[in-house]
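Structural overview for review
Next come the chains, spelled out residue by residue.
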Amino acid sequence: MRKQWIGGTWSRTKREPIPVIDPATEEVLDSVARGTTEDADRAVAAARRALSDWRWVPGVEKAATLHEVARRMRVRKAELARQMTLEGGKPYCENHDEVEWSAACFDYYAEVGRDSRGSSLPPVAAHQVNFTIQEPYGVVAAIVPWNYPLLLLSWKVAPALAAGNTVVLKPSEETPLATLDLVSAFEALPPGVLNIVTGYGREVGEALVVHPGTDLVALTGSLATGIRVGELCARQVKKAHLELGGNDPFIVFPDADLNVASKGAVWAAFLNAGQVCTSAKRFFIFEEIYDEFVARAVKFTRSLKLGHGLDPATDIGPVINPKQLADLEARVAEAVAAGARALTGGKRSRKFAKGLFYEPTILVDVRPEMRIVATETFGPTMPIQKVRTIDEAIDAANAQEYGLGANIYTNNMEWAMTAMERITAGTFWINDPLTDNEAGPFGGMKKTGHSRELGIEGLDEFRETKHVHLDYKQELKPYWYPYKKYNASR
Ligand code: NAD
C-alpha cells in the first residue's frame, strides 16, 4: 500500500487500503491509504508550517524551484505516462503528452509568478501614496478528478505555489498512483509546501474542505461535488474555486471542409474515450452537409481501434469504472428505445475477455430532451442533430446548464463571430477543437463554475489584493475629533 506524502516525508499509516484498478484488465494494480480527518489535520498543519517561509521566498528562487519541478517531471515522463495509462486507461501517447503539458504549466507559472505586479493609484490628497499588492490566500486544498490527473493538478498547484500559497493535494481515488510518483519532482520543494493525502472525497476530501486551516478550496469535478463543496465553503465564507462539468456543442457550418471537420469531430468526441470535460458531446450539423458529414464520421470511427492504452495500436482505451460503463449503457439504451439509431457501436465491446470497453457510438435521430443530449455523458458517444439556420444552431448549443466550451467549423467570419458572441462558453474553438494554451484562461460559465485556470487569470485565482494607503506626512486631520473645525469648513 502506498503512503501519504506529508511534510516532506512518506507518512506511516495503518489506514484501510483502497485498491487501484486497471480499467483495461480489471486487475488490481496497487492500493493507497484511505485517508482520514487525522491525515487531513497533519497535512494542513504541515502546509501551515511551511507557509511562513514559502510565502517570502524571493520570486526568482520560487521560479527556479518550479522550473526544477518541471525538469524532474520530464526526466520521469515515460514512467509517469505508463502509470497513468495503467490506472486511467487512456492511450500511452496521450499520457506522454499530458506529462509534457503538466511540466510546461510549471515552467509557465515559474515565469508568470515572477512577473507578478500590483498597481499604483491616484492618491486622494497630496503626500499620500496608494498602491496594491497581491498576497497568497494561505493553505490551498486542491482536489482533482481522474481523467487528467497530472495536468489538472498542475493547473492548480503551479499557480498556487507561484502565488506563495502552500498546498494539500487530494488526487482522485481512481487515479492516485501517478500523483504519488510525482513526489520525485515535488521533492524539489521545501518540506510541507506540497502535501498529498489519498482517499475518498466524502471522507478526507470533505475534511480538507471544512478544515479551519485551509483558506481556499480549488476543485475540479462533477456538478454534484461542486454543489456540495460550494455549500460547505459558503458556511465558512471560504473561497471555492470550482471547475465542473460540461456538455459542449460542436457545430459544423455548410462551408466546412468535411474531411477535416468530420475527423476533428470524431477526435473531439472520442479522445480519452469521451471522458474529457471539454469532449464535444452534442453535434449540430447543417442539413445541406448532414449526410456527407455523418457518412464520413461513421467511416472514420469504424477505423478506430479499442484496446489497452499500452498497445501502440490503440486509439481508444476503456472507460474508468463499472459505474461509468453502466451509466453509458443506460443512456444509450434509453435513447435507442426513444427512437435514436446507433450507426456505430451502441454497446459494450466484447472483443476482450476483461476490461471496461465501450464501442465509440455515433447516434442519429436523437432529440434534445434525451438524457444523452440534455445532460453530461462521460463516455465515447457522438449524438448528432440536424440544424437549418444559425439561430437554430446557436439556440440548441445554448440549451444546456453548463458553459464550458464550444466548437465550430467554418471560415465564414460572420457566422463564426455571431456564434462566438452568442454561445455561452468559457472557451470557443474555431476549426481546432479542444486545444489548450497555458497562457489562455480555461474555465466555464453557468453551472460549469465561476473561476479560471491557466493564464494570468489562473494566477489571480490564488491571490488576494491588498490596498495600501500611505501618508508620508504625519499630521492632524481636519475630519478627526473634535468635529468643529471640519464642520466649520463645510
Ligand atoms: P468527482 O466530482 O466524482 O470527483 C472529483 C474529485 O472530488 C475527486 O478527487 C473526489 O474524490 C473529490 N470529491 C468527491 N466528493 C467530494 C466531497 N464531497 N468533498 C470533497 N471532495 C470530493 O468527479 P470525477 O468523476 O472524478 O470527474 C469527472 C467530472 O469532472 C466530470 O463532470 C467532468 O466534466 C469534470 N471535469 C471538469 C473539468 C473542468 O476543468 N471543468 C476538468 C475535468 C473534469
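If you're wondering where the values come from, they're calculated on a predicted model, not measured in any experiment. (Residues numbered from 1 in each chain as written. Predicted model: local features only at pLDDT ≥ 70, side-chain atom pairs only at ≥ 80, totals over all residues. Heavy atoms only, no water.)

Looking only at helices and strands, the protein chain has 17 helices and 21 strands in total. Compactness check: the protein chain gives a C-alpha radius of gyration of 25 Å against a globular reference of 23 Å for 490 residues, within 12% of the reference. Looking at the protein chain residue by residue over its 490 residues, the buried ones come to 55%. Within the protein chain, contacts between residues separated by at least 24 positions form 72% of all contacts whose residues are at least 6 apart in sequence. Charged side chains of the protein chain number 57 positive and 62 negative; the gap between the two group centres comes to 5 Å. (Helix = DSSP H or I, 4+ residues; strand = E, 2+ residues; numbered from the N terminus. Rg over C-alpha atoms; globule rule 2.2 N^0.38 Å. Buried < 20%, exposed > 50% of the residue type's maximum accessible area, 1.4 Å probe, protein only. Contact = heavy atoms within 4.5 Å. Lys, Arg positive; Asp, Glu negative; His and termini not counted. Charge placed at Lys NZ, Arg CZ, Asp CG, Glu CD.)

On to the side chain of N165, then. For N165, the position within the fold is in the loop between α5 (149-162) and β8 (166-170). Of note is the side chain of N165, whose polar atom sits 2.8 Å from the backbone nitrogen of Y137. If we skip the residues at most four places from it in the chain, N165 touches L51, W54, P136, Y137, G138, V140, A160 and F462. (Polar contact = N/O pair within 3.5 Å; in protein donor to acceptor, adjacent residues only side chain to side chain.)

We now examine the sheet that holds strand β6 (residues 128-136). Ordered by their spatial adjacency, three strands build an open sheet running β5-β6-β21, and the pairing between neighbours is antiparallel. Each edge of the open sheet carries a strand with a single partner, namely β5 (119-121) and β21 (463-471). Put simply, the sheet's adjacent strands are angled 25 degrees from each other on average, direction ignored. Pairing analysis gives nine bridges linking β6 to β21, with the strands arranged antiparallel. When the bridges of β21 are listed, T132 appears paired with H467. (Pairing = 2+ DSSP bridges. Axes fitted to C-alpha atoms, helices over the stretch in contact; angles between N-to-C directions.)

Around the ligand, a shell composed of 28 residues is seen, among which V144, E173, T225, L244 and E376 lie nearest. Separating an oxygen atom of the ligand from a side-chain N or O atom of S222 is a distance of 2.8 Å. Within the side chain of T225, an N or O atom sits 2.6 Å from an oxygen atom of the ligand. Out of a free accessible area of 850 Å², the ligand has 91% covered by protein chains. Secondary-structure elements contributing two or more residues to the shell around the ligand are α8 (201-210), β10 (216-220) and α9 (223-236). A class-by-class count of the residues in the shell around the ligand yields 12 nonpolar, 10 polar and six charged. (Near = heavy atom within 4 Å. Areas by Shrake-Rupley, 256 points an atom, 1.4 Å probe, with all protein chains shown as cover. Nonpolar A, V, L, I, M, F, W, Y, C, P; charged D, E, K, R; others polar.)

This part is about the environment of E61. Assignment of secondary structure puts E61 in helix α2 (residues 59-75). In this structure, the C-alpha to C-alpha distance between E61 and A110, residues 49 residues apart in sequence, is 9.4 Å.

Right, let's get into the sheet that holds strand β12 (residues 248-252). Strand order in this open sheet of seven strands is β14-β15-β16-β13-β12-β18-β19, and the pairing throughout is mixed. The open sheet has two edge strands, β14 (341-342) and β19 (427-430), and neither has a second partner. Pairing analysis gives three bridges linking β12 to strand β18 (residues 405-409), with the strands arranged parallel. When the bridges of β18 are listed, F250 appears paired with N407. The strands touched by helix α15 (residues 413-422) within the sheet are β18 and β19, with β19 carrying the most contacts at an inclination of about 165 degrees.

Keep in mind that these numbers describe shape and distance, not what the molecule does.
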